[in-house]
Amino acid sequence: MSTELLPPVAPDVLAAAVEQLSARLRKKLDAAISGCADRASATADGTVEVHFGEDATVTLRPGPSGTVANAEQAVCTCLLAPRCLHRAAALGAAPIVGGEDSVGGEDDSGTSGAVDPGTASDPGTGPEEPAPDTPATGVAATVVKPAALTEAQVQAATALWDAAAEALSAGVTAGGAVVQAELLRAAHTARLAGLPRAEGAALRVVRSLRAARERSQGQSLADLTGAFRELLAGAALLASGQAGPEAAGSVRRTYEQGGSLRVYGLCREPVLSATGYGGVTTHLVGSDGAGYTVSDVRPGGLARVKGAGSASVALGGAVLDHAGLARGGLRIVGATVSADGRLGAGRGVGATPMRGVDWSEEPAVALFVRPVREAMAAVLADGASGTGGPVRAAPSLLGCDVEVIGAVGDSAVVRVAGEGPLLRLRPAHPHPELPHAANLRRIAEHPGLVLRVLGRPDLDRAATLRPLAVGPVPGASATLRLPDAWKGRADLGYDRLQGEHFPRETTGPADRGPVTAGPDPLAEAPLWRVRRLLETGVAGGRRAVAEAGRGTDAASLSARLTRAELGAAAHLAQALTTEAGRRPRNTFGRLTDPSADAYARAWLASAVHLAAAERSLVAASWS
């Protein structure tokens, strides 16, 4: 179902429309939503009309921000309006706005509302679009954090937990518009209570539920499972009343004065969001070795991504574009820096271009001389795992020198220099119009080639790196030969490697035999059975988990986990299936405990343990 014509709708508007429906109409809501987008038509004044036969037409009049932000902007001509099925269906078919992934807050430094690239390497898991109230350039807001969570915040988090537990219990099959509306209402309450991080997690679940029910391309059950885990973990922490004020998040991204900085370009990373935003993030390193970024992400698709790679950098009047900054440097006076290293562009910021540094020079070389095991341990210590927290941040960049072994599937297999571990290089973004995959295929065609790689560790796969840029290894003969204009590095998302960039001969053995990617502890461990059980619950709801707990499958699951010395995983999986099947009823057949609270806690305990166990196996694969 395409929703391109329908304007985005505020969560509270949709939730209120569904709440006004009678029980009889609510049962018909999902069927009514399914055909709305096909009946939508745009008018000359910017409104959108959805026709339901001859006597009913819903008109959506978005405001200046382009969204339907209040109930008066959605009207129906039928006699039951506004408590009618037509109006609720039209609103339910429209995209949801607000509560984006910028959990650190919106940009308060005048960086034009750029979003963090986050985990944009996979479709459907990329960054969300910035909220419509992005501040004007040069504004530097200060967010005063409360000393502790208020009673209203705890109550809002409790309501969000209850709604999320019911949505998990229903699963994708029963998680229709009514269940989603309850989540949206709870998300809106969380926003009013000052919990934007929890609101964003709830809206990610709603969007993923919609995509799963519509079977949208790029939507995976694993993504929805992770979204549920993050939402439930964050809501449980907030509802306990023991969370610190940082768990609430902030609506706006806060920037602090960074004084004078000297930063040097490392590479560019294309950002293509599944929600219709595109652009570029340029990664920089400071003279002290700290990492920084400059982002330019706005509404737009692939064309926006390609154009942003050579667009001007909006930072302190600098005359560089992103391509030049990725290979050059800046001297910044009056710098403003966010907690995650993003550079702001306020009025008091001044920037002067200067010569960049090669990857073999300080401070960039420090990224490549550190042992990969030590570097990976630092990435995990930075809190990028998100196993139990409300938000998962993008992992830090990791660099190393490698020798190409060959190709396995869509991955290039390499070995870290100095008899290091085997790594899989996978495309940072699989979009066919971006050159990531094509560049990796060319690299894999040259066994024995040595090169310097800079990328993001994939925290969900064993020994896997998502390379953003590559360069030659100093002093090596069988290495890349890049043009002088590229200044010793190739951005895999923008530059295209050609045959002339590779040496004519490599120093590798002529016959290496079959190429293998090395051991995969994640695939070898029986934890995949727990993952399948959790995803079964997300897809089919509580009833599906209860069915999976009956018969020989449950006994086999417990036995295999116990033999692999994964007793905790076995105990938690058994507790989950037991709780899923516990539905006590009275003499009249009515449920005596209809709450999904205990089931959600059992599911969350197993999910958090699984994420931690898998992360430990991923860390071990890098040694």
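Look up: the structure comes first, before these words.
Quick caveat: nothing in here was measured; it's all calculated off a predicted structure.

**Q** Would you mind going over the environment of Asp 30 with me for this structure?
**A** Along the chain, Asp 30 falls in helix H3 (residues 29–33). Asp 30 gets classed as partly exposed once you look at its relative accessible area, which sits at 33%. For the pair Asp 30 and Gly 176, spaced 146 residues apart in sequence, the C-alpha to C-alpha distance is 6.2 Å. Ignoring any residue separated from it by four or fewer positions in sequence, one finds Asp 30 in contact with Gly 176, Ala 177 and Arg 213.

**Q** Mind showing me how you'd approach the state of the cysteines here?
**A** Joining two cysteines, a disulfide is a covalent bond between their sulfur atoms. Evaluation of the coordinates by the stated rule reveals 0 disulfides. With no disulfide of its own, Cys 84 lies closest to Cys 78 among cysteine sulfurs, the gap being 3.6 Å.

**Q** What's the story with the packing of helix H5 (residues 151–174) against helix H7 (residues 196–214) in this structure? I'm lost.
**A** Each packed pair of helices is defined by two parameters, the angle between the axes and the distance between the axes. Contact pair H5 / H7: the axes reach a minimum separation of 11 Å and the direction vectors enclose 10°. Taken together, H5 and H7 sit at an angle that is classed as roughly parallel. Residues Leu 160, Gly 171, Val 172, Thr 173 and Ala 174 of H5 touch H7, and the partners they reach there are Ala 198, Ala 202, Leu 209, Ala 212 and Arg 213. Of the residues assigned to the contact of H5 with H7, the class counts are 7 nonpolar, 2 polar and 1 charged.

**Q** What's the story with the sheet that holds strand S10 (residues 329–338) in this structure? I'm lost.
**A** Within a sheet, adjacent strands bond to each other through the backbone by hydrogen bonds, running parallel or antiparallel. Pairing within the open sheet is antiparallel, and its 5 strands lie in the order S9-S8-S7-S10-S11. With partners counted over all chains shown, the strands left at the sheet margins are strand S9 (291–299) and strand S11 (350–354), one partner each. Averaged over all pairs of adjacent strands, the angle between strand axes in this sheet comes to 45°, irrespective of strand direction. Direction of pairing for strand S7 (residues 255–272) relative to strand S8 (residues 277–286): antiparallel, over a ladder of 9 bridges. Directly across from Cys 267, in S8, lies its bridge partner His 283.

What counts, and at which threshold
Residues numbered from 1 in each chain as written. Predicted model: local features only at pLDDT ≥ 70, side-chain atom pairs only at ≥ 80, totals over all residues. Heavy atoms only, no water. Helix = DSSP H or I, 4+ residues; strand = E, 2+ residues; numbered from the N terminus. Buried < 20%, exposed > 50% of the residue type's maximum accessible area, 1.4 Å probe, protein only. Contact = heavy atoms within 4.5 Å. Disulfide = S-S within 2.5 Å. Axes fitted to C-alpha atoms, helices over the stretch in contact; angles between N-to-C directions. Parallel < 35°, antiparallel > 145°, perpendicular 65-115°, else oblique. Nonpolar A, V, L, I, M, F, W, Y, C, P; charged D, E, K, R; others polar. Pairing = 2+ DSSP bridges.

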